[in-house]
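Here's the letter readout for the chains.
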Amino acid sequence: MKSNAPIRKLPANTVGKDYVVGDLHGCYGLLERLLNEVEFDKACDRLFSVGDLIDRGPDSLRCLQLLEESWFYAVRGNHELMMLDFFSSYLATGKFDPLEDIVDNGFLEYGGDWVSGYVDADRHCMTQEFNRGLILALQMPLMWVVGEGSTRFHVIHADLVRPDYKTAGHIVWLDSDIDQWLERQLIPPEVEQRLYWSRALMSSQLAEQEVAGTQTGLSLTFCGHTYAAKPRQLLSHLCLDTGAFVSWWSRIYGEEGDNSGLTLFDVQESRWVSASYRRDDVFWGEVSAR
Ligand SMILES: [Mn+2]
């Protein structure tokens, strides 16, 4: 079993390639297409995920089950956090009564209603298959630190913007801060909140300022959570959320002219490939830092 540490370290991959995928949100079919496209080798390649495996798309549990694979490394997103909060008393007692538990909860409103398909109402619990997925979500870390020196990269869900960025001299936390968290096996609570929820960097507030693509002292940090038409890089944060679930909604509700999809980034080659429920083909691109 994998450890429960919130921040975990892995050596560089010396035998295969590393890939990072954006917010899956249940879009398992798109991931399969991308892994075929890059000829992903489960024996030696690794796939990192920026979290939000579940909700909104068609195959949430299937995406959660990826956590069982030895080649798959994800961080917990705010959607896994909301699911774990929703099931916190169930996790403690083993009893789930939909009539009592399914009331006024943001998790269901934000796309978690798929869980209702796994309620075992007669036995006042969830199905075994679902329980396994829930336990896997409990074991997810908040951050992966991979490799050393020039090959080092991080995987997080949202961003590393400091709460005190206006006075600190740095907008984001640096490798030296992250090394301290690793050493103590502790992520400070204010950092944890931002790792789950922050849109400070990828939404208007900072993205509109003239900030560079890289931040001295911070290794390349893959993230998601805030989607845009293409991957983009700000202050060493490379955001891979390109709205996979939007392409699903767009297909089922029949909307036109949509650029959304799921993006997979090839770390060694430094280029990405994207697939959408709106198209049969995939397309490749490179990140333009700003
Ligand atoms: Mn998110």
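Residues numbered from 1 in each chain as written. Predicted model: local features only at pLDDT ≥ 70, side-chain atom pairs only at ≥ 80, totals over all residues. Heavy atoms only, no water.

**A look at the coordination of the manganese ion**
Here comes step 1: Distances from the manganese ion to its protein donors, Asp52 (OD), Asn78 (OD1), His157 (NE2) and His225 (ND1), fall at 2.1 to 2.3 Å.
Here comes step 2: Positions of the donor residues of the manganese ion, expressed as sequence spacing, correspond to D-x25-N-x78-H-x67-H. Of this pair, aspartate 52 sits in the loop between strand E3 (46-49) and helix H2 (60-64) while histidine 225 sits in the loop between strand E9 (220-223) and strand E10 (232-234), placing them 173 residues apart in sequence. For the residue pair aspartate 52 and histidine 225, the accessibility class agrees, reading buried in each case. (Donors = N, O, S within 2.8 Å, 3.2 Å for Na, K, Ca; no water. Helix = DSSP H or I, 4+ residues; strand = E, 2+ residues; numbered from the N terminus. Buried < 20%, exposed > 50% of the residue type's maximum accessible area, 1.4 Å probe, protein only.)

**What to know about the pairing of strand E2 (residues 18-21)**
Here comes step 1: Alternating residues of E2 divide into Asp18 and Val20 and Tyr19 and Val21, and every residue in both groups is buried.
Here comes step 2: Note that E2 and E3 share four bridges and pair parallel. Bridge pairing links valine 21 to serine 49 in E3.
Here comes step 3: Taking the sense of rotation as the criterion, the β-α-β connection linking E2, helix H1 (residues 28-37) and E3 turns out right-handed.
Here comes step 4: Here three bridges tie E2 to strand E12 (residues 262-266), and the two strands are oriented antiparallel to one another. Bridged to valine 20 within E12 is phenylalanine 265. (Pairing = 2+ DSSP bridges. Right-handed = clockwise from strand over helix to strand, strands pointing away.)

**Digging into the packing of aromatic side chains**
Here comes step 1: Tallying each qualifying case throughout the model produces 23 aromatic pairs.
Here comes step 2: On the numbers, 5.1 Å between centres and 55 degrees between planes, the contact of phenylalanine 87 with phenylalanine 130 is tilted. Pair noted here: phenylalanine 87 is in the loop between helix H3 (78-86) and helix H4 (88-93) and phenylalanine 130 is in helix H7 (residues 128-138), with a separation of 43 residues, a long-range link. Considered together, phenylalanine 87 and phenylalanine 130 belong to a single accessibility category, that of buried residues.
Here comes step 3: Clustering of aromatic rings is evident, with ring pairs tying together Phe86, Phe87, Tyr90, Phe96, Phe107, Trp114, Tyr118 and Phe130.
Here comes step 4: Its guanidinium or amino end placed over the ring of tryptophan 173, arginine 162 lies 4.2 Å from that ring's centre, counting from NZ or CZ.
Here comes step 5: When the ring centre of tryptophan 284 is taken as reference, the NZ or CZ atom of arginine 271 above it lies at 4.0 Å. (Phe/Tyr/Trp six-rings, centres within 6.5 Å; stacked < 30°, edge-to-face > 60°. Lys NZ or Arg CZ within 6 Å of the ring centre and 35° of its normal.)

**Thoughts on the environment of glycine 285**
Here comes step 1: As for its position among the elements, glycine 285 is in strand E14 (residues 282-285).
Here comes step 2: Separated by 54 residues in sequence, glycine 285 and proline 231 place their C-alpha atoms 9.0 Å apart.
Here comes step 3: Those residues in contact with glycine 285, other than ones at most four positions away along the chain, are Arg271 and Trp272. (Contact = heavy atoms within 4.5 Å.)

**Remarks on the sheet that holds E9**
Here comes step 1: Taken in spatial order, the six strands of this open sheet run E1-E7-E8-E9-E11-E10, and their pairing is mixed. Bordering the open sheet on either side are strand E1 (7-10) and E10, each of which pairs with just one other strand. The sheet shows a mean angle of 20 degrees between the axes of neighbouring strands, direction not considered.
Here comes step 2: One ladder, built from four bridges, connects E1 with strand E7 (residues 143-146); its direction is parallel. If you follow leucine 10 over to E7, its bridge partner there is valine 146.
Here comes step 3: Sheet strands touched by helix H9 (residues 175-184): E1, E7 and strand E8 (153-155). Its angle to E1, the strand with the most contacts, is close to 105 degrees. (Axes fitted to C-alpha atoms, helices over the stretch in contact; angles between N-to-C directions.)

**Concerning the sheet that holds strand E13 (residues 271-275)**
Here comes step 1: Read across the sheet, six strands follow the order E4-E3-E2-E12-E13-E14 without closing on themselves; strand pairing throughout is mixed. Where the open sheet ends on each side, the last strands, each with one partner, are strand E4 (72-74) and E14. Strand-to-strand twist across the sheet, computed as the mean angle between neighbouring axes with direction ignored, equals 25 degrees.

**Regarding unusual backbone geometry**
Both trends apply: most residues other than glycine have a negative phi, and most peptide bonds are in trans.
Here comes step 1: One non-glycine residue, glutamate 39, lies in positive phi territory at about 55 degrees.
Here comes step 2: Along the chain, glutamate 39 turns up in the loop between H1 and E3.
Here comes step 3: Take glutamate 39: its relative accessible area is 67%, and that puts it in the exposed class.
Here comes step 4: In this model, leucine 235 sits at a positive phi of 45 degrees, which is unusual for a non-glycine residue.

**Observations regarding the nonpolar core**
Here comes step 1: Within the largest apolar cluster, 47 residues are counted, with the highest numbers of intra-cluster contacts made by Leu47, Leu53, Met83, Phe87, Phe107 and Leu264.
Here comes step 2: Here the element with the most residues in this core is H1; it accounts for five residues.
Here comes step 3: Leaving out residues up to four positions away in the same chain, leucine 264 has contacts with Tyr19, Val20, Val21, Leu34, Leu35, Val38, Leu47, Arg271, Trp272 and Val273.
Here comes step 4: Counting residues in each nonpolar core, the second largest holds 28 residues, with Leu81, Leu160, Tyr165 and Leu174 among its members. (Core = buried A, V, L, I, M, F, W, Y, C linked by side-chain atoms within 4.5 Å.)

**So, the pattern of salt bridges**
Here comes step 1: Per the stated rule, a full pass over the model turns up ten salt bridges.
Here comes step 2: Measuring nitrogen to oxygen at the nearest pair gives 2.8 Å for the salt bridge that ties aspartate 18 to arginine 46. Taken together, the positions of aspartate 18 in strand E2 and arginine 46 in strand E3 put the pair 28 residues apart, joining distant regions of the chain. Across the pair, arginine 46 and aspartate 18 agree in class, each one buried.
Here comes step 3: A salt bridge links aspartate 281 to arginine 279, with the nearest nitrogen and oxygen atoms 3.8 Å apart.
Here comes step 4: Classification of aspartate 281 as partly exposed rests on a relative accessible area of 45%.
Here comes step 5: Residue classification places arginine 279 among the partly exposed residues on the basis of a relative accessible area of 21%.
Here comes step 6: Residues joined by salt bridges that share partners form a network here, namely Lys17, Asp266 and Glu269. (Salt bridge = Lys/Arg side-chain N within 4 Å of Asp/Glu carboxyl O.)

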